[in-house]
Amino acid sequence: MTQAAKAEQFISLHRAGDPLLLPNPWDQGSAKILASLGYRALATTSGGFALTLGRLDGSVSRDEALEHARQIVSATDLPVSADLEGGFADDPADVARTVELAIETGLAGCSIEDYSGAQLYDAGLAAERIAAAAEAAHHGDVPFVLTARAENFLRGRRDLADTIARLQSYQQAGADVLYAPAVTELADIRQLVAAVDRPVNVLALAGMPPVAELAAAGAARISIGSGFSTAAYATLVQTATELRDQGSYGFAGRPGQDGLISTLKSWRTPS
């Protein structure tokens, strides 16, 4: 499938009431496993990728993030969107350049957030950054899917009116998908969805309503963020602690391992 076809397929999967379940692999192995489970698209996770480097979220460079995206794209035939944090720049022109470089990796889309790593961008500058990113995403032959993220809820500013105003401005600036991570209440999600005319992504967090209820609220996409990667690392801690403290191997017979082994065997290149 061509890059353009992947991008077209990716945006077509965003349907309010029938949301795309978008898991977030953190390396090529997890990308292949998720693809084998029947998911229809993937997205990178900045936090999950940072964990593989022994770092915290927000500590990778643009070059590292783009190379990581290139590796995930090469691991699967599915459309892949990249978490490109704040575009690795403050200036709108530099954010646009990040999007241009992202397109060159073979991605179907990317997300750009309105947070600098220290504070939220002023709403006016934030909209200018999305407008520049949208221009870069849409001016070429590949219908690249731009997701604009309003970070205020995630960063402790739980102001739904501000979130909605920001997402409306990003819609006007040309974003294809809108995303406000950490908006978790169904009533808030319904209000947000009703206030915009673009597909809305919801981040799945502990204690959130199940997929069916998020779908009924109008979500068009549900992503996991770093959830799967942190769960995998938590399992590593648990099983390594068992071996160290109890000298036992209960982890060796856990459900699902036979299926995983079968999947891994399918990766082997016939001799």
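Right above here is the structure, for reference.
1. Side note on the overall build of the protein
Step number 1: Of the regular secondary structure elements, the protein holds eleven helices and eight strands.
Step number 2: Its C-alpha radius of gyration of 19 Å places the protein within 12% of the 18 Å reference for a compact globule of 271 residues.
Step number 3: Dimensions of the protein, computed from C-alpha atoms along their principal axes, come out at roughly 55 × 45 × 35 Å.
Step number 4: Counting the 271 residues in the protein, one finds 48% classified as buried.
Step number 5: Considering only contacts within the protein whose residues lie at least 6 apart along the sequence, 65% involve residues at least 24 apart.
Step number 6: A total accessible area of about 12,600 Å² is found for the protein, and carbon and sulfur atoms account for 52% of it.
Step number 7: Distance from the positive charge centre (21 side chains) to the negative charge centre (32 side chains) of the protein: 6 Å.

2. Some thoughts on the side chain of N24
Step number 1: Relative to the helices and strands, N24 resides in the loop between β1 (20–22) and α2 (28–36).
Step number 2: Of the residues examined, N24 reaches a relative accessible area of 5% and is grouped as buried.
Step number 3: Side-chain polar atoms of N24 contact the backbone oxygen of T44, separated by 3.2 Å.
Step number 4: For N24, the side chain forms a polar contact with the main-chain nitrogen of G225, separated by 2.9 Å.
Step number 5: If near-sequence neighbours (up to four positions away) are discounted, N24 is found in contact with L34, A43, T44, T45, S223, I224 and G225.

3. Quick notes on helix α10 (residues 227–246)
Step number 1: Across its 20 residues, α10 extends 28 Å between first and last C-alpha, which sits within 8% of the 28 Å expected from 1.5 Å per residue.
Step number 2: Directly after α10, the chain includes G247, whose backbone phi takes a positive value near 65°.

4. Quick notes on the sheet that holds β1
Step number 1: In space, the eight strands of this open sheet follow the order β1-β8-β7-β6-β5-β4-β3-β2, with parallel pairing throughout. In this open sheet, the two edge strands, each paired with only one partner strand, are β1 and β2 (42–43).

5. Notes on the layout of surface pockets
Step number 1: As a volume, the largest pocket reaches approximately 740 Å³.
Step number 2: Lining the largest pocket are 44 residues; nearest its centre among them are S46, G47, D57, D83 and R149.
Step number 3: Contributions of two or more residues to the lining of the largest pocket are made by α3 (46–52), β3 (80–83), β4 (109–113), β8 (221–223) and α10.
Step number 4: There is about 620 Å³ of room inside the second largest pocket.
Step number 5: In this structure, the second largest pocket is lined by 19 residues; those nearest its centre are W26, I33, A232, T235 and L260.
Step number 6: Of all the elements in the fold, those that place two or more residues in the lining of the second largest pocket are α2, α10 and α11 (257–266).
Step number 7: The biggest single contributor to the lining of the second largest pocket is α10, with six residues.
Step number 8: Across the lining of the second largest pocket, the residue classes tally to ten nonpolar, nine polar and no charged.

6. Here we look at the pattern of salt bridges
Pairs can form between side chains of opposite charge once their charged atoms are near each other.
Step number 1: Under the criterion given, the structure shown has twelve salt bridges.
Step number 2: For R97, the salt bridge identified is with E100, shortest N-O distance 3.2 Å. In this pair, R97 and E100 both sit in helix α5 (residues 92–104), three residues apart, roughly one turn of the helix.
Step number 3: Measuring nitrogen to oxygen at the nearest pair gives 2.7 Å for the salt bridge that ties E151 to R149. The burial state of E151 is the same as that of R149; both residues are buried.
Step number 4: The structure contains a network of salt bridges with shared partners spanning E113, R149, E151 and R155.

7. What about the packing of aromatic side chains?
Step number 1: Counting across every chain of the model gives zero aromatic pairs.
Step number 2: Lying over the aromatic face of Y121, R129 brings its terminal NZ or CZ to 4.0 Å of the ring centre.
Step number 3: Note that R155 overlies the ring of Y115, its terminal NZ or CZ placed 3.9 Å from the centroid.

Conventions adopted
- Residues numbered from 1 in each chain as written.
- Predicted model: local features only at pLDDT ≥ 70, side-chain atom pairs only at ≥ 80, totals over all residues.
- Heavy atoms only, no water.
- Helix = DSSP H or I, 4+ residues; strand = E, 2+ residues; numbered from the N terminus.
- Rg over C-alpha atoms; globule rule 2.2 N^0.38 Å.
- Buried < 20%, exposed > 50% of the residue type's maximum accessible area, 1.4 Å probe, protein only.
- Contact = heavy atoms within 4.5 Å.
- Areas by Shrake-Rupley, 256 points an atom, 1.4 Å probe, with all protein chains shown as cover.
- Lys, Arg positive; Asp, Glu negative; His and termini not counted.
- Charge placed at Lys NZ, Arg CZ, Asp CG, Glu CD.
- Polar contact = N/O pair within 3.5 Å; in protein donor to acceptor, adjacent residues only side chain to side chain.
- Expected span 1.5 Å × (residues − 1).
- Pairing = 2+ DSSP bridges.
- 1 Å grid on protein atoms, 1.4 Å probe; cavity = no way out; pocket = protein on both sides within 12 Å on 5 of 7 lines; lining within 4 Å.
- Points joined across faces, edges and corners; volume = space filled by probe spheres on them.
- Nonpolar A, V, L, I, M, F, W, Y, C, P; charged D, E, K, R; others polar.
- Salt bridge = Lys/Arg side-chain N within 4 Å of Asp/Glu carboxyl O.
- Phe/Tyr/Trp six-rings, centres within 6.5 Å; stacked < 30°, edge-to-face > 60°.
- Lys NZ or Arg CZ within 6 Å of the ring centre and 35° of its normal.

The values are spatial; any link to function lies outside them.
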